[in-house]
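These are the residues of each chain, in order.
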Amino acid sequence: MTGAEAAGPTGATAGVTDHGGGVWSIPVPIPDNPLGHTLVHLLDTDRGPVLVDTGWDDPTAWDTLVSGLAACGTSVSDVHGVLITHHHPDHHGLSAQVRDVSGAWIAMHAADAEVVRRTREAEPTRWLDYLAVKLAAAGAPEEHLAPLRAARAAGRTDALPGRRAAQPDRHITPGELLDLAGRRLRAIWTPGHTPGHVCLHLEEAHPAAGEGLRGHGRLFSGDHLLPEISPHIGLYEDPDDATVTDPLGDYLDSLERIAALDPAEVLPAHQYAFTDAPGRVRALLRHHEERLAGLRALLLGAPLTPWQLAEAMEWNRPWAEIPYGSRNIAVSEAEAHLRRLVKQGRAEPVPGTDPVAYQAV
């Protein structure tokens, strides 16, 4: 199901889709990223427009958001509030600029707001040291660690993401209706992709309900539920917290909660709107179980460190072609899967190994 494209002031389309019932989506580009864009959603309320996410902090992205809002018949200065599904820069990047222009409030789950605070306040070198130690513990080779150490020694920290992210001024409370005049929007906590990821359930009749569309309302799903891809599930990073979390377990549990909502339509932050959320959830649950089984099979062959497991895992390209930064993300995803296998009693660390290797049980 797709809505109609909205025409801009000159009659030209701005890539904006009118989903009906006071809901629009604006594709805001992400620079140098295969995802292409973030779908920023606009929700009309009795106090003015509210955005769900804002897009990457980039001049082209900002211009696209401005023109997209104009195509919806509004402007940045009219924005009343900003709801952030999670703290990642392709969702939260432009929030500060929107607030500067409009005076809008920004709301985020407390767990992700804490990530924003910690990232803004920490010394950048602290994060480089943390990443180098963590990757070494995962079994990364010296040639991968050397650039991090060189950046640390040279003080090259300006490129670290999240340093300019806006600190939210409101918290999104799971299970509660948000304070949006004239709308019923309920927050659903869906950790996994980040510790404070939220989906937002619009508990209103779908505009196409009279056409036989089944399900309950609409869901702004952020990165939690996408039509064709599974979001990255890595470790929750905190240099000052040694708690052993289980992000993949959190994600799988969160998927079950979304399936139970059974929304008529899902409005994700990437790709396109779709129906049959329970069917998509079942497919993702199968995908992750198959992936876990495949990784356990790799560990049956020989004990592997997280780095070695990442090298052996199936990605969208050969390991040799994966860029430097994406390898860090891949290792984090391998570690998240290892933690799930250990928690399930299907794998365990090999005593005395350094870096720690894991074997199947």
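Relevant structure appears above.
A brief report on the enclosed structure follows. (Residues numbered from 1 in each chain as written. Predicted model: local features only at pLDDT ≥ 70, side-chain atom pairs only at ≥ 80, totals over all residues. Heavy atoms only, no water.)

Let's shift gears to the overall build of the chain. For the chain, the helix and strand inventory stands at 10 helices and 14 strands. Taken over C-alpha atoms, the radius of gyration comes to 21 Å for the chain, in line with the 21 Å a tight globule of 361 residues would show. Its C-alpha atoms put the chain at 65 × 50 × 35 Å along the principal axes. Sorting the 361 residues of the chain into buried and exposed places 51% on the buried side. By sequence separation, contacts in the chain at least 24 residues apart represent 66% of the contacts at least 6 residues apart. Distance between charge centres in the chain, computed from 30 positive and 48 negative side chains, equals 4 Å. (Helix = DSSP H or I, 4+ residues; strand = E, 2+ residues; numbered from the N terminus. Rg over C-alpha atoms; globule rule 2.2 N^0.38 Å. Buried < 20%, exposed > 50% of the residue type's maximum accessible area, 1.4 Å probe, protein only. Contact = heavy atoms within 4.5 Å. Lys, Arg positive; Asp, Glu negative; His and termini not counted. Charge placed at Lys NZ, Arg CZ, Asp CG, Glu CD.)

Moving on to the sheet that holds strand S10 (residues 198–202). A sheet is described by the order of its strands in space; here 4 strands give the open sequence S9-S10-S11-S12, paired in mixed fashion. Across the chains shown, the open sheet's two edge strands, defined by having one partner strand only, are strand S9 (185–189) and strand S12 (265–268). Between one strand and the next, the sheet's axes are offset by a mean angle of 25°, whatever the strand orientation. Bridge count for strand S11 (residues 218–222) against S12 is 4 bridges, and the pairing is parallel. Bridged to Gly 222 within S12 is Pro 268. Across the face of the sheet, helix H7 (residues 247–261) comes into contact with S9, S10 and S11 while running at roughly 150° to S9. (Pairing = 2+ DSSP bridges. Axes fitted to C-alpha atoms, helices over the stretch in contact; angles between N-to-C directions.)

Right, let's talk about the pairing of strand S4 (residues 37–43) for a bit. Counting buried positions along S4 yields 6 of 7 residues, so the element is predominantly enclosed. Taken together, the 3 bridges between S4 and strand S5 (residues 50–52) define a ladder with antiparallel strand orientation. The residue bridging Leu 42 from the neighbouring strand is Leu 51, located in S5. Hairpin connection between S4 and S5: a loop of 6 residues separates the two successive antiparallel strands, and Gly 48 in this loop has a positive phi of roughly 125°.

For the pair H7 and helix H10 (residues 324–343), the least separation of the axes is 7 Å and the interaxial angle reads 80°. It follows that H7 is roughly perpendicular to H10 by the angle criterion. Note on element contacts: H10 touches H7 through Ala 336, His 337 and Arg 340, opposite Leu 248, Gly 249 and Leu 252. When the residues that make up the contact of H7 with H10 are grouped by side-chain class, the tally is 3 nonpolar, 2 polar and 1 charged. (Parallel < 35°, antiparallel > 145°, perpendicular 65-115°, else oblique. Nonpolar A, V, L, I, M, F, W, Y, C, P; charged D, E, K, R; others polar.)

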